[in-house]
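Secondary and tertiary structure notes
Spelled out, the chains give:
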Amino acid sequence: MAEGADVLIGIDAGTSVIKAVAFDLAGRQLGTAAVVNTYREEPDGSAVQSMERTWADCAKALRELGQVVDGLARRTAAVSVTGQGDGTWLVGAGNRPVGDAWLWLDARSASTVRRLWDGPLERTRFERTGTGLNTCQQGAQLAHMATVHPDLIGQAEVALHCKDWLHLCLTGVRATDPSEASFTFGDFRNRAYDDTVIEALGLSGRRHLLPPILDGTMTTHPLTREAAEATGLLEGTPVSLGYVDMVMTALGAGVYAREPGVACSTVGSTGVHMRAVHSEDVFLNAEGTGYVIALPIPGVVTQVQTNMAATLNIDWVLGTAADLVAEFGDRPSKADLVGRIEGWLARSEPGAILYHPYISAGERGPFIDPDARAGFIGLSSGHRYPDLVRAVVEGIAMAARDCYAAMGDMPRELRLTGGAARSRALRSVLAATTGASVRTSSRDEAGAAGAAMMAAVAIKAFPTMDACIETWVTPLLGPAEAPDARLAERYAGVFEGYRTARQGLAPVWNHMAALRSRDVRLDAGAEPAELAIAAGNETGN
Ligand SMILES: Nc1ncnc2c1ncn2[C@@H]1O[C@H](COP(=O)(O)OP(=O)(O)O)[C@@H](O)[C@H]1O
Ligand SMILES: O=P(O)(O)OC[C@H](O)[C@H](O)CO
């Protein structure tokens, strides 16, 4: 470690915000800089993001951090980068992007996913990766591009994820990390690529696109001169490649605990619900859903169910109100609306309306169905906007319970992070819905902290990740907020309705999807065809 270097920087390139956060070597947060992330969604299901802009925004966040923390460049011992997972960031000659990145929100590969589900090697693929195939993942997206956009793949030399792209921009090194490599193309037991998995995805002929796997707790690479100029940091600063943000956030929030019954939920744009287990204790369900994501701790992985949209539903319900109000004058800010959530929850009745939070074009956990869509059940004429907001919040919590129910016993303690953790009312709904006590960390930036912890181990500020957790995570955990018993009883009943309804709705979602695709075909000049509600296409329980 360089003389006087007492700062670690964690970069967390999320779907909504790109953050750069400085910590001292004991994990105390020294400063934060954030740049709003930009991506586009189109009616064809695409969700894409400029790769150049992502790097420019990341560099901007680092430069701004330099204005917040005195002497940052000279004091930085190491940097680590994590980011939104899944998706496909193609890089071609001269390390230039091949078009825009496809994000995890991109639903275009739905038809390819359905085809691959029926393949002879699908169960083997699931048992090796521990991960149910869905449209978010790079394996599905590459397989789809191979048939529909061979031009894109043809120009690519390497297929990266978001954090890998930023790591390439910082260091000039093409690599990915053990977590995304193993849940997408490999085996979580040995954290290496697996030929059968790659064959199951129909990608044996594209094997050359997969980069080397690098463990950022063991290896760092020096910041290049160009990256130093762009970020304001010093050339040669060690850079560690973090694991995917889902486990970096969980690591920073306390997923790895010695006590039994502890789980960790990130309720941000997406909902991620997980437990840390030894890789031999992973439970592979019959439905083939969930993720198994390696932690940067030897032999320890997270067993995960992730529901696609969590607070994106809150953004939708608030955005709807903002659009309406804007018709009469000024548009209220998101902060104004978020600030009213507690009040709306206080004056609405718990468990009165069901809401399924599948607002983001499909669901991936605990069931996989690209056709799933959001909806309210149980509206009466007396219900008003606060009741809808409450239903949306409860729907997000029901989805969390649905995910834990598919992984075995409910947790006793839920370590909660993400946007929803900021609200006392949301925490109490989550506690009552899952029946678990909720604890949050006094540090806000769990994802960046998880990444910085990798850098701390890489530069040997701590001998092991266990030792780093003892200093960085455990002391910051707040008191347990116990569930309200009456509310918990009410929500246990509501959950039965929630699950029964979403199982029953699968054929309706499928029918609506068929209508949508018929509209597209009619627009293209095809003959109309008869449609009837058929048996569902749902995978999962
Ligand atoms: N006090 C709050 N009450 C309820 N929801 C909140 C609150 N603060 C933030 N949120 C929700 O959390 C979202 C941001 O979550 P966050 O975890 O920061 O994002 P991301 O998952 O994209 O990193 C906001 O868009 C909003 O929907
Ligand atoms: O960008 P956020 O919401 O922090 O993380 C997104 C996940 O990595 C993504 O859901 C993986 O599929």
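Numbers given to residues run from 1 along each chain, matching the order in which its sequence is written. Chain letters and ligand numbers both follow the written order, the letters beginning at A and the numbers at 1. A pLDDT threshold of at least 70 governs which residues receive local features in this predicted model, and a stricter bar of 80 or more applies before side-chain atom pairs are shown or counted, although totals over entire chains, interfaces and linings include all residues. By convention in this description, side-chain values take in all heavy atoms of the structure and omit both hydrogens and water.

In the nomenclature of an unreviewed UniProt entry, the protein chain corresponds to Erythritol kinase from the organism Aureimonas phyllosphaerae. For the protein chain, the Sequence similarities (unreviewed entry) comment in UniProt is given as "Belongs to the FGGY kinase family." UniProt positions are given in the numbering used here, feature names are shortened, and annotations may be inferred rather than shown by experiment.

1. What to know about the pattern of salt bridges
By definition here, a salt bridge exists when the distance from a side-chain nitrogen of Lys or Arg to a carboxyl oxygen of Asp or Glu is within 4 Å. Considering all chains together, one arrives at 28 salt bridges under this definition. Across the salt bridge formed by Asp-466 and Arg-258, the nearest N and O atoms sit 3.2 Å from each other. With Asp-466 in helix α18 (residues 465-472) and Arg-258 in the loop between α11 (245-253) and β14 (262-267), the pair connects residues that are 208 residues apart, well separated along the chain. Each residue is assigned to one of three classes by its accessible area relative to the maximum for its type, calculated with a 1.4 Å probe on protein chains only: buried under 20%, partly exposed between the two thresholds, exposed over 50%. A residue is classified by how much of its surface remains accessible, and Asp-466, at 24% relative accessible area, is partly exposed. We count a stretch as a helix when DSSP gives it H or I for four or more residues in a row; a strand needs E for two or more, and each element gets its number in order from the N terminus.

2. Notes on the pairing of strand β16 (residues 291-294)
Two faces make up the sheet, and in a regular strand the side chains alternate between them. Alternating positions in β16 separate into two faces, Tyr-291 and Ile-293 on one and Val-292 and Ala-294 on the other, with burial throughout. Strand pairing is assigned whenever DSSP identifies at least 2 bridges connecting the two strands. From the end of β16 to the start of strand β17 (residues 300-307), which pair antiparallel, there are 5 residues, and Gly-299 there has a positive phi angle of about 80°.

3. Structural notes on the site of ligand 1
We call a residue near a molecule or strand as soon as one heavy atom of that residue lies within 4 Å of the molecule or strand. In the region of ligand 1, 14 residues are neighbours, and Ser-16, Ser-269, Asp-315, Lys-334 and Gly-419 sit closest. At a separation of 2.5 Å, an oxygen atom of ligand 1 approaches a polar side-chain atom of Ser-269. A distance of 2.6 Å separates an oxygen atom of ligand 1 from a polar side-chain atom of Lys-334. For ligand 1, whose unbound accessible area comes to 580 Å², protein coverage reaches 81%. Residue assignment for the shell around ligand 1 shows that the elements contributing at least two residues are α12 (311-326) and α13 (334-338). With 3 residues, α12 is the single largest residue contributor to the shell around ligand 1. Classes in brief: Ala, Val, Leu, Ile, Met, Phe, Trp, Tyr, Cys and Pro nonpolar; Asp, Glu, Lys and Arg charged; the others, Gly included, polar. Of the residues contributing to the shell around ligand 1, the split by class is 4 nonpolar, 7 polar and 3 charged. Any N or O atom pair separated by 3.5 Å or less is treated as a polar contact, with the protein-specific requirement of one donor-capable and one acceptor-capable atom, and with residues adjacent in sequence counted only for side-chain atom pairs. The Shrake-Rupley method, run with a 1.4 Å probe, gives the accessible areas here. Residue values count only the displayed protein chains as cover.

4. Let's talk about helix α4 (residues 122-129)
Those residues of α4 that sit buried are Glu-122, Arg-125, Phe-126 and Thr-129. Take α4 and look down its axis: the buried residues cluster within an arc of 100°, on one side only. Contacts were defined at the residue level, with two residues in contact if any of their heavy atoms lie within 4.5 Å. Next to the buried residues of α4 lie α3 (110-117), α8 (178-185), β10 (186-187), α9 (195-200) and β16. Comment: arc refers to directions from the helix axis out to C-beta atoms.

5. Description of the UniProt feature "domain: Carbohydrate kinase FGGY C-terminal" (unreviewed entry) in the protein chain
According to UniProt, the "domain: Carbohydrate kinase FGGY C-terminal" (unreviewed entry) feature falls on residues 266-458. Taken end to end, residues 266-458 has its terminal C-alpha atoms 25 Å apart, with 37% of it in helix and 20% in strand.

6. What about the UniProt feature "domain: Carbohydrate kinase FGGY N-terminal" (unreviewed entry) in the protein chain?
Following the UniProt record, one finds the feature "domain: Carbohydrate kinase FGGY N-terminal" (unreviewed entry) at residues 8-252. A helix fraction of 38% and a strand fraction of 22% characterise residues 8-252, whose end C-alpha atoms lie 14 Å from each other.

7. Quick look at the domain arrangement of the protein chain
What counts as a domain boundary in this text is fixed by an automatic or database domain assignment. Entries for the protein chain in the domain assignment read domain 1 (86-160 + 178-213), domain 2 (255-440 + 484-502) and domain 3 (503-538). Between the C-alpha centres of domain 2 and domain 3 the distance comes to 28 Å. Residue-level contacts link 13 residues of domain 2 with 10 residues of domain 3. Summed over both partners, the accessible surface that disappears when two parts come together, traced with a 1.4 Å probe, is what is meant by buried area. Carbon and sulfur atoms make up 43% of the surface buried where domain 2 meets domain 3, a total of about 970 Å² over both sides. Per-residue buried area on domain 2 facing domain 3 is highest for Asp-371, Arg-373 and Arg-502; these three make up 51% of the total on that side. For the pair domain 2 and domain 3, the interface holds 0 salt bridges. Of all the secondary structure elements, the ones that give two or more residues to the side of domain 2 that touches domain 3 are β19 (367-368) and α19 (485-523). Element by element, the count of residues in the side of domain 2 that touches domain 3 is highest for α19, at 4 residues. Tallied by class, the residues present in the side of domain 2 that touches domain 3 amount to 6 nonpolar, 2 polar and 5 charged.

8. Some points on the environment of Val-292
Take Val-292: it is sitting in strand β16. C-alpha separation for the pair Val-292 and Val-277, spaced 15 residues apart in sequence, amounts to 9.8 Å. Residues in contact with Val-292, not counting those within four places in the same chain, are Thr-129, Gly-130, Thr-131, Phe-183, Phe-188, Val-282, Val-301 and Thr-302.

9. Brief notes about the site of ligand 2
If you check the shell around ligand 2, you find Gly-14, Thr-15, Gln-84, Gly-85, Asp-86, Trp-104, Asp-245, Met-246, Ser-269, Thr-270 and Arg-364 and nothing else. In this structure, an oxygen atom belonging to ligand 2 sits 2.6 Å away from a main-chain N or O atom of Gly-85. Asp-86 has a polar side-chain atom sitting 2.7 Å from an oxygen atom of ligand 2. Taken by itself ligand 2 offers 350 Å² of open surface, and the protein chains cover 88% of this. Classifying every residue of the shell around ligand 2 gives 2 nonpolar, 6 polar and 3 charged.

10. Quick word on the layout of surface pockets
Method remark: on a 1 Å grid restricted to protein atoms, a set of points is classed as a cavity if a 1.4 Å probe fits but cannot get out and as a pocket if it is open with protein on both sides within 12 Å along at least five of seven lines; lining residues have an atom within 4 Å of a point. Grid points are joined across faces, edges and corners, and a volume is the space filled by probe spheres set on the points. One number sums up the size of the second largest pocket: a volume of about 200 Å³. Lining the second largest pocket are 14 residues, with Thr-217, Pro-296, Ile-297, Pro-298 and Val-457 sitting closest to its centre. Along the lines of polarity and charge, the residues of the lining of the second largest pocket split into 9 nonpolar, 2 polar and 3 charged.

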